[in-house]
Amino acid sequence: MEYLKDLVPRLKAGDEFACLAFDEMHLTEKAEWDRKIDAVLGPNRQANVFFIRSIFGSWKMPVYVDFEPTKDPNDPKLPKGTKKLPKIPKFLLMQIIIQLEAIGIKVMSTVCDMSGDNQGLAKELGINTNNVTFPNPWEPERPVYFSFDWVHGFKNLRNHLLDDNVKINGVMVNKLDILKLRGVTEIRGGFKLEDQHFYCKGQDRQVVKYAVDLLSIRSANLCRTLYPNDPKMQAL
C-alpha cells in the first residue's frame, strides 16, 4: 500500500480509476521460516488475495494477502445465518476500499468468482438481478459496481450444457446435440474440437480455452450451416 501511495502522484489523469479483484489461491501445504520476521509461516491451504488494477492505465498490484478468514475486530460475532467466518467478509472489503480511496485510488468496481462465500457477500451487499452496485464507503454518492467474472460463468454454462438438459429459446438441448460437432469442425472452419472439449472432467474443466472453443461463434456458425433443419442445433 505504501508503494501504491508513492505511485499515485505520478499517475496520468484517469489512471486512478480502478477495479478491485479478490480470490482464493490454493497453496502447497508446507511451513517455511521467514528470515525477515524470524518466524515460521504455515502450513496453509489457501490465501485470500486482493488485487487492484487500473481500468484505463496499465498498472496493477496486489494490496492484501491473508491466510485465514479475518474477524471483524468491532463485531467478533459471526454474520447472521452463517456457521463459519466468510473467506472475504464485508468489513474487510470496505476497509480495503477505504484505504485505497484515502491515497487517491478511485475504486469503481469489484470482481470475483461465483463461489458460495462470494455469493453470500453479494447478498450481504444487496446485490441482485435488479441491483449491481453498493455504496462506496469512502464516497457514498459514488457507487461501486459488483460483478462476477465472466470466465467463471462461461465455464459454468459449458458445464451445464455437457451435464444437463438445457432449455434455449424454448428448445431442450443436451450433450448428445453438442456431440454432433465432433469430427466436423476442423474441416469446416471451426476450432478443432477434440475429446477433451466434450468429455473434460476435474481440473480440465478449469481450462478456459476448452469452454471458449466449444461455445465460440465458429461453433455457432457450424450449427447454423450444417444443421439448418435441426431446431436443437439452430438453438445452439
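Report on the accompanying structure. (Residues numbered from 1 in each chain as written. Predicted model: local features only at pLDDT ≥ 70, side-chain atom pairs only at ≥ 80, totals over all residues. Heavy atoms only, no water.)

**Concerning the environment of Ile-97**
- Assignment of secondary structure puts Ile-97 in helix 2 (residues 90–102).
- Classification of Ile-97 by relative accessible area gives buried; the value is 0%.
- Linking Ile-97 and Ile-52, residues 45 residues apart in sequence, is a C-alpha distance of 10.0 Å.
- Setting aside anything within four residues of it in sequence, one finds Ile-97 in contact with Leu-20, Val-107, Phe-134, Asn-136 and Pro-137. (Helix = DSSP H or I, 4+ residues; strand = E, 2+ residues; numbered from the N terminus. Buried < 20%, exposed > 50% of the residue type's maximum accessible area, 1.4 Å probe, protein only. Contact = heavy atoms within 4.5 Å.)

**A short note on the packing of aromatic side chains**
- Enumeration over the complete set of coordinates arrives at 5 aromatic pairs.
- Taking the centre distance of 5.4 Å and the plane angle of 90 degrees together, the rings of Phe-146 and Phe-148 count as edge-to-face.
- Of the residues examined, Phe-148 reaches a relative accessible area of 29% and is grouped as partly exposed.
- An aromatic cluster is built from Phe-22, Phe-50 and Tyr-64, whose rings are joined through pairwise contacts.
- Cation over ring: Lys-180 sits above Tyr-227, and NZ or CZ is 5.9 Å from the ring centre. (Phe/Tyr/Trp six-rings, centres within 6.5 Å; stacked < 30°, edge-to-face > 60°. Lys NZ or Arg CZ within 6 Å of the ring centre and 35° of its normal.)

**Quick notes on the sheet that holds strand 1 (residues 17–26)**
- The 6 strands are arranged 5-4-1-6-8-7 in an open sheet whose pairing can be described as mixed. The open sheet has two edge strands with one neighbour each: strand 5 (60–66) and strand 7 (133–135). Here the strands of the sheet are splayed against their neighbours by 25 degrees on average, with no regard to which way each runs.
- Across 9 bridges, the pairing between strand 1 and strand 4 (residues 46–54) is antiparallel. If you follow Ala-21 over to strand 4, its bridge partner there is Phe-51.
- Docked against the sheet, helix 3 (residues 116–124) engages strand 1, strand 6 (106–112) and strand 8 (143–148), running at close to 150 degrees with respect to strand 8. (Pairing = 2+ DSSP bridges. Axes fitted to C-alpha atoms, helices over the stretch in contact; angles between N-to-C directions.)

All we've got here are geometric facts, nothing functional implied.
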